[in-house]
Amino acid sequence: MQSSAEEAAARAALTQQPPQCEQIDWHTISEKLPTAKDAASQERRKKLFDQIDNNGNKRISLAEADKGVRDAIGLPEVFDAKPAMMMAYKCAKNADGNAGSDDLIDPKEFRVFLLALRHYFDLWVIFSAVDVSGDRRLSQEEFARAQPLFKQCGCAIEDPEAVFREVDRDGGGMILFDEFAEWSTKKHLKAVGDDDEPDEALDGLPKATGFKRYSGAMQSPEEEAAARAALTQQPPKCEQIDWHTISEKLPTAKDAASQERRKKLFDLIDNNGNKRISLAEADKGVRDAIGLPEVFDAKPAMMMAYKCAKNADGNAGSDDLIDQKEFRVFLLALRHYFDLWVIFSAVDVSGDRRLSQVEFARSQPLFKQCGCVIEDPETVFREVDRDNGGMILFEEFAEWSTQKHLKAVGDDDEPDEALDGLPKATGFKRSFVFSCLHSGTTLICG
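Every value quoted in this text rests on a predicted model; they were computed, and no experiment measured them. (Residues numbered from 1 in each chain as written. Predicted model: local features only at pLDDT ≥ 70, side-chain atom pairs only at ≥ 80, totals over all residues. Heavy atoms only, no water.)

## Concerning the overall build of the protein chain
Basically, it comes down to this: For the purposes of this entry, the term helix denotes a DSSP run of H or I that reaches at least four residues, the term strand denotes a run of E that reaches at least two, and both are numbered from the N terminus. Note on definitions: a residue-residue contact is assigned when non-hydrogen atoms from the two residues lie within 4.5 Å. In short, Shrake-Rupley with a 1.4 Å probe defines the accessible areas, and a residue's cover is counted only from the protein chains shown.
Scanning the protein chain from N- to C-terminus turns up 25 helices and two strands. Partitioning the intrachain contacts of the protein chain with sequence separation of at least 6 by distance along the chain shows that 71% fall at a separation of at least 24. Per element, the accessible surface of the protein chain, about 19,300 Å² overall, is 48% carbon and sulfur.

## Things to note about unusual backbone geometry
You will see that histidine 188, though not glycine, has its phi angle at about 55°, which is positive. Along the chain, histidine 188 falls in the loop between helix H11 (177-186) and helix H12 (200-203). In this structure, histidine 405 is a non-glycine residue whose phi angle is positive, near 60°. Within the fold, histidine 405 resides in the loop between helix H24 (394-403) and helix H25 (417-420).

## Thoughts on H24
Short version of the rule: The classification of residues rests on relative accessible area computed with a 1.4 Å probe and restricted to protein chains. Under 20% of the type maximum is buried, over 50% is exposed, and intermediate values are partly exposed.
Burial within H24 is extensive, with seven of its ten residues counted as buried. All of the buried residues along H24 are Phe394, Glu396, Phe397, Ala398, Trp400, Ser401 and Thr402. Phi turns positive one or two residues past the end of H24, at histidine 405, with a value near 60°.

## Focus on the nonpolar core
Our working rule: Only buried residues count toward a nonpolar core. Its members are Ala, Val, Leu, Ile, Met, Phe, Trp, Tyr and Cys residues joined through side-chain atoms within 4.5 Å.
Within the largest apolar cluster, 63 residues are counted, with the highest numbers of intra-cluster contacts made by Phe113, Ile126, Phe143, Phe150, Phe180 and Trp183. Examining the composition of this core, we find that 16 residues originate from one element, helix H7 (residues 107-130), more than from any other. If sequence neighbours within four positions are ignored, phenylalanine 180 has contacts with Leu123, Ile126, Phe127, Leu138, Phe150, Val167, Ile175 and Leu189.

## Looking at the packing of helix H3 (residues 39-52) against H7
Selection criterion: Orientation is described by lines fitted to C-alpha atoms, with helices fitted over the stretch in contact, and by angles between N-to-C directions that extend from 0 to 180 degrees. Small angles under 35 degrees read as roughly parallel and large ones over 145 as roughly antiparallel, with 65 to 115 read as roughly perpendicular and the rest as oblique.
For the pair H3 and H7, interaxial distance at closest approach is 10 Å and the crossing angle is 100°. Between H3 and H7, the interaxial angle falls into the category roughly perpendicular. Across from Arg45, Leu48, Phe49 and Ile52 in H3, the residues of H7 making contact are Pro107, Phe110, Arg111 and Leu114.

## Observations concerning the packing of aromatic side chains
Under the convention used in this document: Between rings of Phe, Tyr and Trp, where Trp is taken as its six-membered ring, a pair exists when centres lie within 6.5 Å; planes separated by under 30 degrees are stacked, by over 60 edge-to-face, and by other angles tilted. Charge-over-ring placement is defined geometrically: NZ (Lys) or CZ (Arg) within 6 Å of the ring centre, and within 35 degrees of the ring normal.
Under the definition given, this model contains 26 aromatic pairs. Between the aromatic rings of phenylalanine 110 and phenylalanine 113, the centroid separation amounts to 6.2 Å while the plane-to-plane angle is 25°, which identifies the pairing as stacked. In this pair, phenylalanine 110 and phenylalanine 113 both sit in helix H7, three residues apart, roughly one turn of the helix. On the basis of relative accessible area, phenylalanine 113 is assigned to the buried category, the value being 1%. Aromatic pair phenylalanine 143 and phenylalanine 164: ring centres 5.8 Å apart, planes at 70°, arrangement edge-to-face. Within this pair, whereas phenylalanine 143 is found in helix H8 (residues 140-145), its partner phenylalanine 164 is found in helix H10 (residues 160-167), the two being separated by 21 residues in sequence. When its relative accessible area of 2% is taken as the criterion, phenylalanine 164 is described as buried. Through a chain of ring-to-ring contacts, the aromatic side chains of Trp124, Phe127, Phe143, Phe150, Phe164, Phe177, Phe180 and Trp183 assemble into a single cluster. Above the ring of phenylalanine 79, the side-chain terminus of arginine 70 is found at 4.9 Å from the ring centroid. We note arginine 287 situated over the ring of phenylalanine 296; from NZ or CZ to the ring centre the distance is 4.9 Å.

## With respect to a negative patch on the surface
What counts is decided by this rule: Patches here: salt-bridge-free residues with over 30% relative accessible area, like charges joined within 9 Å, nonpolar side chains (Val, Leu, Ile, Met, Phe, Trp, Tyr) joined within 5 Å. The term salt bridge refers to a side-chain nitrogen of Lys or Arg lying within 4 Å of a carboxyl oxygen of Asp or Glu. Only four residue types enter the charge count, namely Lys and Arg as positive and Asp and Glu as negative; His and the chain termini do not. Note on charges: their place is set at NZ of Lys, CZ of Arg, CG of Asp or CD of Glu.
Together, Glu22, Asp25, Glu77 and Asp80 give the surface a local cluster of negative charge. Within the secondary structure layout, glutamate 77 lies in helix H5 (residues 76-79).

## Topic: the environment of glutamate 158
Along the polypeptide, glutamate 158 turns up in the loop between helix H9 (147-152) and H10. Its relative accessible area of 81% is what places glutamate 158 among the exposed residues. For the pair glutamate 158 and glutamine 147, spaced eleven residues apart in the sequence, the C-alpha separation amounts to 8.8 Å.

## Points about the pattern of salt bridges
According to the stated counting rule, one finds 18 salt bridges in the structure shown. Here lysine 299 makes a salt bridge to aspartate 283, at a shortest N to O gap of 2.7 Å. With lysine 299 in helix H19 (residues 299-309) and aspartate 283 in helix H17 (residues 279-290), this residue pair connects regions lying 16 residues apart in the sequence. The pair lysine 299 / aspartate 283 is uniform in exposure class, with both members buried. Look at the salt bridges and you will find they share partners, linking Lys46, Asp50 and Lys58 into a network.

## Some thoughts on the environment of aspartate 242
The condition is simple: In the analysis that follows, any N or O atom pair within 3.5 Å is treated as a polar contact, provided that within protein one partner can donate a hydrogen and the other can accept it, and provided that, for residues neighboring in sequence, both atoms belong to side chains.
Structurally, aspartate 242 can be placed in the loop between helix H14 (221-230) and helix H15 (243-249). Sequence separation of aspartate 242 and glycine 410 is 168 residues, and the distance between their C-alpha atoms is 8.7 Å. A polar contact is formed between the side chain of aspartate 242 and the side chain of threonine 245, at a distance of 2.6 Å.

## Quick notes on the packing of helix H6 (residues 82-92) against H7
Quick note on the threshold: For any pair of crossing helices, the crossing counts as left-handed if the nearer helix is rotated counterclockwise from the farther one by less than a right angle, and right-handed if it is rotated clockwise. Throughout this entry, Asp, Glu, Lys and Arg are counted as charged residues, while Ala, Val, Leu, Ile, Met, Phe, Trp, Tyr, Cys and Pro are counted as nonpolar. The remaining residues, Gly among them, count as polar.
Contact geometry of H6 with H7 gives a least axis separation of 8 Å together with a crossing angle of 145°. Along this stretch, H6 crosses H7, giving a crossing that reads as right-handed. The segment H6 lies against H7, with Pro83, Ala84, Met85, Met87, Ala88, Tyr89, Cys91 and Ala92 engaging Glu109, Val112, Phe113, Ala116, Leu117, Tyr120, Phe121 and Trp124. Of the residues that constitute the contact of H6 with H7, the class distribution is 15 nonpolar, no polar and one charged.

## Here's the deal with H10
Going by this rule: Arc definition: directions from the helix axis to the C-beta atoms.
Along H10, the residues that are buried comprise Pro160, Glu161, Val163, Phe164 and Val167. Take H10 and look down its axis: the buried residues cluster within an arc of 165°, on one side only.

Shown next as structure tokens:
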């Protein structure tokens with residue numbers, strides 16, 4: 001990911017300004033989540049369940065749970081922690097022993113939901129402190145520089161590089177919250193200042209798993225019917241992009257003039273003149289040398305393009321840097337994945353960089369405009385959602401969209417080569433993969 005000089009600077013920065021947990025009123029959190037087994041707590045849980053169960057069917061959907069945390073329980077800070085909410089819900093719906101059979105929470109599972117919500121919110125506070133870039137993923141640099149915080153939270157790490165690889169189960173070069181939560185639970189991490197969490201939450205919670213009944217995963221049958229009725233209303237639209245300018249600023253053609261422009265661009269981006277471009281240099285170069293701020297802001301597209309181009313020489317991930325022969329592939333990939341990011345962002349009306357099934361289904365008109373008619377959105381959603389997590393991440397969407405040859409509305413300039421000839425985007429092999437990826441004051445987001 002970086003030259004030797006950049007990596008050395010990154011390592012020197014690890015001891016500076018370690019992150020700190022946000023100050024949380026943990027006593028109030030515990031008071032508002034009645035998890036004890038005494039009669040008074042049981043009665044409070046029953047009343048809470050009935051308040052949250054809007055339609056009175058003795059089942060709580062994720063939509064009801066989400067709204068209930070804000071309105072019935074009264075914890076806006078927990079309401080805002082959507083990944084913690086998702087983990088708690090996926091954990092509680094398995095508490096009856098029928099893992100994911102109905103994807104809803106019944107009264108017997110409600111206590112587990114409250115325990116899990118308390119637990120995963122605690123871990124979210126730690127995760128958010130470490131995630132200084134705010135992209136809901138932890139880079140190796142972020143993870144390594146948080147060693148003092150991890151020690152305060154109950155886990156001293158001797159070899160942060162080795163532990164990062166252990167936590168990053170999918171080898172993608174970033175730690176997602178579900179990966180962090182699984183590791184943190186095993187290590188019994190607790191946020192600084194949290195002395196109230198029940199020990200039961202650390203040892204007795206069911207495993208959080210994906211949804212099996214996709215149409216009911218996020219909603220009760222009544223909510224689902226309303227959602228389906230809304231699918232034909234206000235379908236999303238792609239943002240208007242000046243694709244001609246995008247193409248002009250990314251010289252991907254093979255003619256002599258384009259080759260010369262690429263050579264000059266490469267030299268402008270290669271700040272230290274070592275004939276290799278790191279991700280930090282590429283990121284800064286898109287903004288400053290190429291002059292495309294809209295592409296610079298599309299960090300997931302940048303990451304996919306970089307991971308694609310660094311394999312173009314046939315040595316997949318061997319040096320994790322882009323050389324001159326790979327630079328044209330980077331520009332092609334950047335153009336391609338930015339196109340897909342424009343579609344993805346239009347579908348992602350919640351802005352959480354993940355697509356729910358409702359978002360995916362209501363986007364059928366947009367997908368048709370982009371070149372793909374979907375007859376059974378539920379089946380296609382399951383196909384795209386490779387990890388069965390109930391949400392589609394950008395990398396999953398990009399792989400599917402490339403196979404289907406999707407193009408953003410209005411984009412008539414993309415080279416066909418980008419749809420068929422790009423190498424596969426893969427993870428990073430160098431252990432210190434994401435060290436200090438700074439471009440000026442901007443930290444690269446995954």
